[in-house]
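Summary of the model geometry
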Amino acid sequence: LRPPLEDPATRDSSPPTHRLAPGIEIVLVSGATGRTGSLAYFALRSSGVSVRALVRNASKAREVLDCGACTEAEGIFVGDVTLPQTLPTSAFVGADALLVTTGSFPYQLPNGSWSYPSGGFPVDVDFHGCNAQVALARNSGVRRIVLISSMGTTQPGSFLDRLGGGFALMYKLASEAHLMSVVGASRKKMAFTIIKPAGLLDAKGGKAALIVGHDDVFIDKCGANNCMAIPREDVAATAVAALTEFAPDSYNLRLDLSADYSRVPTGDWAALFKTARDTSQLVLDATPAT
């Protein structure tokens, strides 16, 4: 395994001020009321981007997203990714990019064990739910898909994977592979970015250098470097940066992402993605979708 790559990062948790990449004007954020999704939604909205939100509950959207009536007129679309028949096609039609932040979430039982809500197991959300979004995006002409997955997907059978009997990392890996296959079959009409963050922190972003790697290298190499966690703000900012004009190396790229608090952030997004691409053993075409 290669050591963690100690290169660039995000300046702070503020949204990138550069324009979106050519051909991207409307972005749909799924899971937009979640802790990471809401950060991405607000980052895009505060940058003046035309952003839509796919949520399960309009009432929660009103609480979290400050979206007024939170109807489709305000760009808020209601649907459950685990029930494909409820997903509104109108959310996807006309969108140029999809940012997938949906994910399963376990809860602890009184006896100390873990489980998932009925219908909310990883197979439901991370696999079928993600694939349903990818299918609608493909059929609606969406050109870019940014998927926030998780580190650890190349090491199935770990404690986190087996937590609650969900095998979340296995199903996330399967959805990563499915997305890449769909993009590959599109003949350059689509492109992906798969971001695999370390443990997620509800902390202020922009306080540490972001480091990139591949194949879950941080799991074995971090140790005292304390780079096994990253603020959600930094993950959301990285996902937004992948859609901007100054991140051409983010096209068709899959990367691990973490934070090194022993170093200061540089704010060099282009270098971050270039480092990830230059060190990837997965050789894919970085040409933008046409």
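Scroll up a little and you will see the structure.
For the structure given in this document, a descriptive report is provided here. (Residues numbered from 1 in each chain as written. Predicted model: local features only at pLDDT ≥ 70, side-chain atom pairs only at ≥ 80, totals over all residues. Heavy atoms only, no water.)

**Some thoughts on the overall build of the protein**
When you go through the protein residue by residue, the secondary structure sums to 9 helices and 12 strands. When the 290 residues of the protein are sorted by exposure, 52% land in the buried category. Long-range contacts, defined here as pairs at least 24 residues apart, represent 77% of the contacts in the protein between residues at least 6 apart. As presented, the protein carries roughly 12,400 Å² of accessible surface, and 54% of it is formed by carbon and sulfur atoms. (Helix = DSSP H or I, 4+ residues; strand = E, 2+ residues; numbered from the N terminus. Buried < 20%, exposed > 50% of the residue type's maximum accessible area, 1.4 Å probe, protein only. Contact = heavy atoms within 4.5 Å. Areas by Shrake-Rupley, 256 points an atom, 1.4 Å probe, with all protein chains shown as cover.)

**Things to note about the sheet that holds strand E2 (residues 50–55)**
Across the sheet, 8 strands lie side by side as E3-E2-E1-E4-E7-E8-E12-E10; this open sheet has mixed pairing. Across the chains shown, the open sheet's two edge strands, defined by having one partner strand only, are strand E3 (76–78) and strand E10 (209–213). Across the sheet, the axes of successive neighbouring strands diverge by a mean angle of 20°, strand direction being ignored. Relative to strand E12 (residues 253–260), E10 is paired through 5 bridges, and the arrangement is antiparallel. Counterpart to Gly213 in the pairing with E12 is Asp256. Where helix H2 (residues 58–65) meets the sheet, it contacts E2 and E3, and its direction lies at approximately 135° from that of E2. Across the face of the sheet, helix H6 (residues 168–185) comes into contact with strand E7 (144–148), strand E8 (191–197) and E12 while running at roughly 165° to E8. (Pairing = 2+ DSSP bridges. Axes fitted to C-alpha atoms, helices over the stretch in contact; angles between N-to-C directions.)

**Section: the packing of helix H1 (residues 35–46) against helix H8 (residues 232–241)**
Orientation of H1 relative to H8, taken along the N-to-C sense of each, is 50°, at an axis distance of 9 Å. Comparing their axes, H8 and H1 come out oblique. Pair H1 / H8 crosses with right-handed handedness. Of the residues in H8, those touching H1 at Arg35, Thr36, Leu39, Ala40, Ala43 and Leu44 are Arg232, Glu233, Val235, Ala236 and Val240. (Parallel < 35°, antiparallel > 145°, perpendicular 65-115°, else oblique. Left-handed = near helix turned anticlockwise from the far one by under 90°.)

**Quick word on the side chain of Asp256**
Residue placement: Asp256 occurs in strand E12. Within the structure, the side chain of Asp256 is placed 3.4 Å from the backbone nitrogen of Asp215, a separation counted as a polar contact. (Polar contact = N/O pair within 3.5 Å; in protein donor to acceptor, adjacent residues only side chain to side chain.)

**Let's talk about the pattern of salt bridges**
Considering all chains together, one arrives at 10 salt bridges under this definition. In this structure, Lys196 and Glu176 form a salt bridge, with 3.9 Å as the shortest nitrogen-oxygen distance. With a gap of 20 residues between them, Lys196 in strand E8 and Glu176 in helix H6 connect regions that are remote in the sequence. With relative accessibility at 0%, the residue Glu176 sits in the buried group. Linking Arg277 and Asp249 is a salt bridge whose minimum nitrogen-to-oxygen distance equals 3.6 Å. Separated by 28 residues along the polypeptide, Arg277 in helix H9 (residues 269–278) and Asp249 in the loop between H8 and E12 bring together distant segments of the chain. The exposure class assigned to Arg277 is buried, which follows from its relative accessible area of 16%. What makes Asp249 partly exposed here is its relative accessible area of 22%. (Salt bridge = Lys/Arg side-chain N within 4 Å of Asp/Glu carboxyl O.)

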